[in-house]
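Coordinates in review
Listed here are the chains, written in short residue letters.
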Amino acid sequence: MDGELPDVRASDAERDQIAEILRDAMAEGRLDVDEFGERLDAVYQARTRGELKPLVADLPETSGGRAPDPRPAAGWAARFGGTPTSRSALALMCGFVRRGPWVAPRRFNAVAVWGGGEIDLREARFEDREIVIRATAVMGGVHIVVPHDAEVTVGGVGIMGGFDPSASGTGAPGAVRVSVTGLAFWGGVSVERKAPRGERQPRDGGKGGPHALH
């Protein structure tokens, strides 16, 4: 986009190009999960090329010789787009559940205080190919179930509590990318890979299989 007038309207392809640079930067450790989520939100809110350029001004355009992602596989391509069913959930001395055929937003905030919550993405559609779940567990817990072939990054801060990173790993080409972050204080946030309902669980228990991070 160099040399272009900054007031020219940005296209979807240009937004996707910037999002890909951000994904590479997070994978290399140049951005943490929070920075990535904030910049990704800004990418899809940007109207002009001039609004996009500052989001990657401090990042290299290419990363490790990696080619752009292939076109999403047919099964995954059908699961992107739609108006989010909800953007947050709160369990205060009680519980919440998000499961079944719902639409997950780009950013979802889950809070469990003296309570518990479950977020099941196996039958969900996704507002975008990248989603960030910010989970806060205070003397409570949040359990997140992701599709077995999704790409998963688990971060977050644990204070006398923690985040289970065992589900972290790459996914199938074109699959959704799920980033989990937040705070666990005397509580826990767990992430589990599972096959779709009615299908056999992969032999590795759905924790990354051949795509797992090493």
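Conventions used here
- Residues numbered from 1 in each chain as written.
- Predicted model: local features only at pLDDT ≥ 70, side-chain atom pairs only at ≥ 80, totals over all residues.
- Heavy atoms only, no water.
- Helix = DSSP H or I, 4+ residues; strand = E, 2+ residues; numbered from the N terminus.
- Buried < 20%, exposed > 50% of the residue type's maximum accessible area, 1.4 Å probe, protein only.
- Contact = heavy atoms within 4.5 Å.
- Areas by Shrake-Rupley, 256 points an atom, 1.4 Å probe, with all protein chains shown as cover.
- Pairing = 2+ DSSP bridges.
- Core = buried A, V, L, I, M, F, W, Y, C linked by side-chain atoms within 4.5 Å.
- Polar contact = N/O pair within 3.5 Å; in protein donor to acceptor, adjacent residues only side chain to side chain.
- Patch = residues over 30% accessible without salt bridge, like charges linked within 9 Å, V, L, I, M, F, W, Y side chains within 5 Å.
- Salt bridge = Lys/Arg side-chain N within 4 Å of Asp/Glu carboxyl O.

**Considerations on the overall build of the protein chain**
Of the regular secondary structure elements, the protein chain holds four helices and 13 strands. Residues counted as buried form 45% of the 214 residues belonging to the protein chain. Taking the intrachain contacts of the protein chain between residues at least 6 apart in sequence as the baseline, contacts between residues at least 24 apart amount to 67%. When the accessible surface of the protein chain is split by element, carbon and sulfur atoms take 54% of a total near 10,900 Å².

**Looking at the environment of Glu 192**
You can see Glu 192 is positioned in strand 13 (residues 188–194). Glu 192 sits in the partly exposed class, given a relative accessible area of 25%. Remark: the alpha-carbon pair of Glu 192 and His 148, spanning 44 residues in sequence, is separated by 8.4 Å. Discounting residues that sit within four places of it in the chain, Glu 192 has contacts with His 143, Ile 144, Val 145, Val 146 and Ala 167.

**Comments concerning the sheet that holds strand 11 (residues 162–163)**
Two pairing modes exist for strands in a sheet, parallel and antiparallel, and in both the strands are linked by backbone hydrogen bonds. Strand order in the open sheet formed by five strands is 2-5-8-13-11, with parallel pairing between adjacent strands. The strands lining the two open edges of the sheet, one partner per strand, are strand 2 (95–98) and strand 11. Here strand 5 (residues 116–120) pairs with strand 8 (residues 141–147) via five bridges, running parallel. Each residue of the ladder has a partner; that of Asp 120, found in strand 8, is Val 145.

**Describing the nonpolar core**
Soluble globular proteins tend to bury their nonpolar side chains together. In terms of nonpolar packing, the biggest core is built from 33 residues, with Ile 119, Leu 121, Phe 126 and Ile 144 touching the most fellow members. With four residues, the top contributor of residues to this core is strand 7 (residues 130–138). Those residues in contact with Ile 144 that sit more than four places away from it in its chain are Ile 119, Ile 133, Val 180, Val 189, Ser 190, Val 191 and Glu 192. Of all hydrophobic cores here, the second largest spans 18 residues; its members include Leu 22, Ala 25, Ala 46 and Leu 52.

**With respect to the pairing of strand 7**
The pairing of strand 4 (residues 107–113) with strand 7 spans seven bridges and is parallel. In the sheet register, Phe 108 faces strand 7, and the bridge partner there is Ile 133. Relative to strand 12 (residues 177–185), strand 7 runs parallel, the two being bridged by nine bridges. From the neighbouring strand, Val 132 faces strand 12, where its bridge partner is Ser 179.

**What about the side chain of Arg 122?**
Tracing the backbone through its elements, the reader meets Arg 122 in the loop between strand 5 and strand 6 (125–126). Among the polar contacts made by the side chain of Arg 122, one reaches the side chain of Asp 120 at a distance of 2.7 Å. Polar contacts involving the side chain of Arg 122 include one to the main-chain carbonyl oxygen of Ala 195, which spans 3.4 Å.

**What about unusual backbone geometry?**
Backbone geometry places Met 160, a non-glycine residue, at a positive phi of 55°. With respect to the helices and strands, Met 160 occurs in the loop between strand 10 (157–159) and strand 11. For Trp 186, which is not glycine, the phi dihedral falls at a positive 50°. Topologically, Trp 186 is positioned in the loop between strand 12 and strand 13.

**Details of a nonpolar patch on the surface**
Taken together, the side chains of Leu 90, Leu 92, Met 93, Trp 114, Met 139, Val 157, Ile 159, Met 160, Leu 183, Phe 185 and Trp 186 make up a nonpolar region of the molecular surface, amounting to roughly 1,200 Å² of accessible area. Within the residue set of the nonpolar patch, elements represented by two or more residues are strand 1 (88–92), strand 10 and strand 12. Note on placement: Leu 90 falls in strand 1. When its relative accessible area of 56% is taken as the criterion, Leu 90 is described as exposed.

**Quick notes on the pattern of salt bridges**
A complete count under the given rule lists 11 salt bridges for this structure. Linking Glu 14 and Arg 49 is a salt bridge whose minimum nitrogen-to-oxygen distance equals 2.7 Å. Pair noted here: Glu 14 is in helix 1 (residues 12–27) and Arg 49 is in helix 3 (residues 49–52), with a separation of 35 residues, a long-range link. The same class applies to Glu 14 as to Arg 49, namely buried. Asp 120 is the partner of Arg 122 in a salt bridge, and the nearest nitrogen-oxygen pair spans 2.7 Å.

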